[in-house]
Every structure is written in C-alpha cells, then in structure tokens.
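Listed here are the chains, written in short residue letters.
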Amino acid sequence: SSRIVKYLVSDLDDIKVLEYVLENTRYSFDLEAYRRLEAYVGDSGMLWYYFPRTPLQRLLINYMGVERTFVYLYRYRERVEGLMEAIARSDDELYELIGSSPLRILNFGDNIDARVTSPRLFERYCLPYYQERSDQLHKRGKFVHCHVDGYAKPLLHLFREAGWDGVEALTPEPVGDVTLEDIKRALGDEMVLIDGIPYILFVPPLASPERLRRFVREIVSMFAGRLILGISDELPPVGDVRLVELVPDVLEECSAAR
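Being a predicted model, the structure only gives us computed values, none of them experimental. (Residues numbered from 1 in each chain as written. Predicted model: local features only at pLDDT ≥ 70, side-chain atom pairs only at ≥ 80, totals over all residues. Heavy atoms only, no water.)

Participant: Can you help me understand the layout of surface pockets in this one?
Facilitator: To locate leftover empty space, one rolls a probe as large as a water molecule over the atoms. Of the voids in this model, the largest pocket is the one considered here, and its volume is about 200 Å³. Those elements giving two or more residues to the lining of the largest pocket turn out to be α3 (55–63), α5 (77–99) and α6 (119–138). No other element matches the five residues that α6 contributes to the lining of the largest pocket. Counted by class, the lining of the largest pocket contains seven nonpolar, no polar and four charged residues. Space inside the second largest pocket adds up to approximately 150 Å³. Lining the second largest pocket are Tyr34, Glu38, Val41, Gly42, Gly45, Met46, Leu47, Pro102, Leu103, Arg104 and Ile105. With three residues, helix α2 (residues 31–41) is the largest single contributor of residues to the lining of the second largest pocket. (1 Å grid on protein atoms, 1.4 Å probe; cavity = no way out; pocket = protein on both sides within 12 Å on 5 of 7 lines; lining within 4 Å. Points joined across faces, edges and corners; volume = space filled by probe spheres on them. Helix = DSSP H or I, 4+ residues; strand = E, 2+ residues; numbered from the N terminus. Nonpolar A, V, L, I, M, F, W, Y, C, P; charged D, E, K, R; others polar.)

Participant: Looking at this structure, how should I read the pairing of strand β2 (residues 105–108)?
Facilitator: The two faces of the sheet receive side chains in turn, since in a regular strand these alternate between them. Because side chains alternate across β2, one face comprises the buried residues Ile105 and Asn107, and the other comprises Leu106 and Phe108, equally buried. Pairing geometry for strand β1 (residues 48–51) and β2, over four bridges, is parallel. Within β2, the residue paired with phenylalanine 51 across the bridge is phenylalanine 108. By the bridge criterion, four bridges tie β2 to strand β3 (residues 143–147) in an arrangement that is parallel. Across the sheet, the residue bridging to leucine 106 is valine 144, located in β3. One crossover worth recording links β2 to the parallel β3 by way of α6, and it is right-handed. (Buried < 20%, exposed > 50% of the residue type's maximum accessible area, 1.4 Å probe, protein only. Pairing = 2+ DSSP bridges. Right-handed = clockwise from strand over helix to strand, strands pointing away.)

Participant: Teacher, can you tell me more about α5 here?
Facilitator: Count 3.6 residues to each turn of an α-helix, and residues three or four apart come out pointing the same way. Taking 1.5 Å of rise per residue, 23 residues should cover 33 Å, and α5 covers 32 Å from first to last C-alpha, within 8% of that figure. Bending of α5 peaks at approximately 35° at the position of aspartate 91. (Expected span 1.5 Å × (residues − 1). Bend = angle between axes of the 7 residues up to and from the residue.)

Participant: Can you walk me through the pattern of salt bridges in this structure?
Facilitator: Oppositely charged side chains can form a pair if their charged atoms are brought close together. Following the criterion strictly, the structure yields 17 salt bridges and no others. One salt bridge connects arginine 124 with glutamate 81, and the closest N-O pair in it is separated by 3.1 Å. Here arginine 124 is found in helix α6, whereas its partner glutamate 81 is found in helix α5, with 43 residues between them in sequence. Taking the relative accessible area as the measure of exposure, arginine 124 reaches 45% and is therefore partly exposed. Between aspartate 182 and lysine 153 there is a salt bridge, with its nearest N and O atoms 3.7 Å apart. Here aspartate 182, found in helix α7 (residues 180–187), pairs with lysine 153, found in the loop between β3 and β4 (166–168); they are 29 residues apart in sequence, far enough to count as distant. Look at lysine 153 and you get partly exposed, because its relative accessible area is 45%. One network of salt bridges, in which partners are shared, links Glu210, Arg213, Arg217 and Glu253. (Salt bridge = Lys/Arg side-chain N within 4 Å of Asp/Glu carboxyl O.)

Participant: Would you take a moment to explain the sheet that holds β2 for this structure?
Facilitator: Paired through backbone hydrogen bonds, the strands of a sheet run either parallel or antiparallel to each other. The strand order β1-β2-β3-β4-β5-β6 describes an open sheet built from six strands, whose pairing is parallel. The open sheet has two free edges, formed respectively by β1 and β6 (227–232), since each of these has just one partner strand. Mean inter-strand twist for the sheet, computed between neighbouring axes without regard to direction, equals 30°. Pairing of β4 with strand β5 (residues 192–198) involves three bridges; the strand directions are parallel. Note that in β5 the partner of valine 167 across the bridge is leucine 193. Across the face of the sheet, α5 comes into contact with β1 and β2 while running at roughly 170° to β1. Its contacts with the sheet place helix α8 (residues 209–222) against β5 and β6, and it is angled at close to 165° to β5. (Axes fitted to C-alpha atoms, helices over the stretch in contact; angles between N-to-C directions. Contact = heavy atoms within 4.5 Å.)

Here's what the structure looks like:
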C-alpha cells in the first residue's frame, strides 16, 4: 500500500504548476494489454475501468487534502474552481478514449463520504459532472457506476439524479450508516447494487456462518435482478476466508428456492 507524504498543492502557487501538468497530460489505450487481461480473466469475470477521481474528489484525496481544499475553497474559490475546470478539461481526452474502447463497465472511483463531501458540495460540484460524463458514456453503450465506500445516508436521495447505472461499495450497517431498506428506497428498481455484504460479517468475533447466511438471503431477496454481490469494500487481512467460500453455497440455495 502507499500514502501521500506531500500533496502536489501545498500553497497557492502550486495550482499553476498542477494546471500546467494537467494541460500537458496525454493518454493512450493499450489494446494489446487489454486483450491479455481479457484472456486471463476468461469467463471468470469482466474487466472494469476505474476513472481517476472526479475534480472535487481528486482535490480532497489526491492533490490537496481535505483541510487545504476546504480552506482554499473558502478563501480562493475562483482559483480552486478554475483548477477543477482544468482537471475536467484534462479528462476530456481520457473519457473519449475509454468511451471508444472495448471496456463496457466503468467506475467513478471516487470514495464518496458524506462526512467530507456534504450534500451541498455534492450538488454543486459532483452532480453536474456525473450527469455530463454518464450521458457521454451511455451514448457509447457503457455501464457506469460509482465507488462510494463511506457514510452515505445524507446523499442517498441524490444518487438517482447522477445518471449512474449502479452504486458500488454502498456499505450497510454496522460498517456504513445505511440499512438495506435505505439502499432499496434510494436505488429503486432502476439502479444496480454492487457489493453489499459489509466486511465485518467475515471478521471475528462478529463473524458467524449463520449470521452471514441470513444476510446473504436477505440481500438477494431484496435486490433480486439488481445485484452484483460482493464484499463492501474488501475482505480485511483478519477476515475468515472460509466464510467467503460459504457465500456461493447460499446463492445456490437461493437459486434453487426460486
């Protein structure tokens, strides 16, 4: 793993440097590498692509950090909004490239958390960007979803407006702040839930086969036809892999019962 020791933007002058880097960044698609990966995966799954985070999230997580992003948005709003526009312009080429690629499933890898990205910020800076890019990608026949992986309850009512086809890593209680019922109401019958099993159900002492079985049965019943089941967000190193192996058996039981 890794962590950021120093953000690219640590003072106001760094914004101009970052804008220069963004303006001069070019992209290419390695079709040969894609074909190799496709052959490796075979029938076991599908290849996904995670876009670099959308402009506000990239400032918060990659370029500036949470504190500096908010301080600068308050003190130098036009300058920071200009940087977000530069990020979006730089991404134009990337979205066009991926849109014309054989990749079919695309993810906004944003790590949204309502404790950082409030509904007000989400509506102002994220929602219009998601809508524009989702529309662009839908015209190319792509399936578009977003990686949440944080507290999300204050934002749930906005997700259907984003233009996504699904939401990934929208993690239920006791890890996240939402219930399966909250998720069902928010996504309705239009959107797909990707993942859904909170990782804590695989971690002792809370982990138990029967508790996991009950949860899998409940989520499969509630989101039938709109579910790509997985662990929200990952199996921790201390997770019991034997419980992971239990899940396909429960799915078989659910399928036989239908």
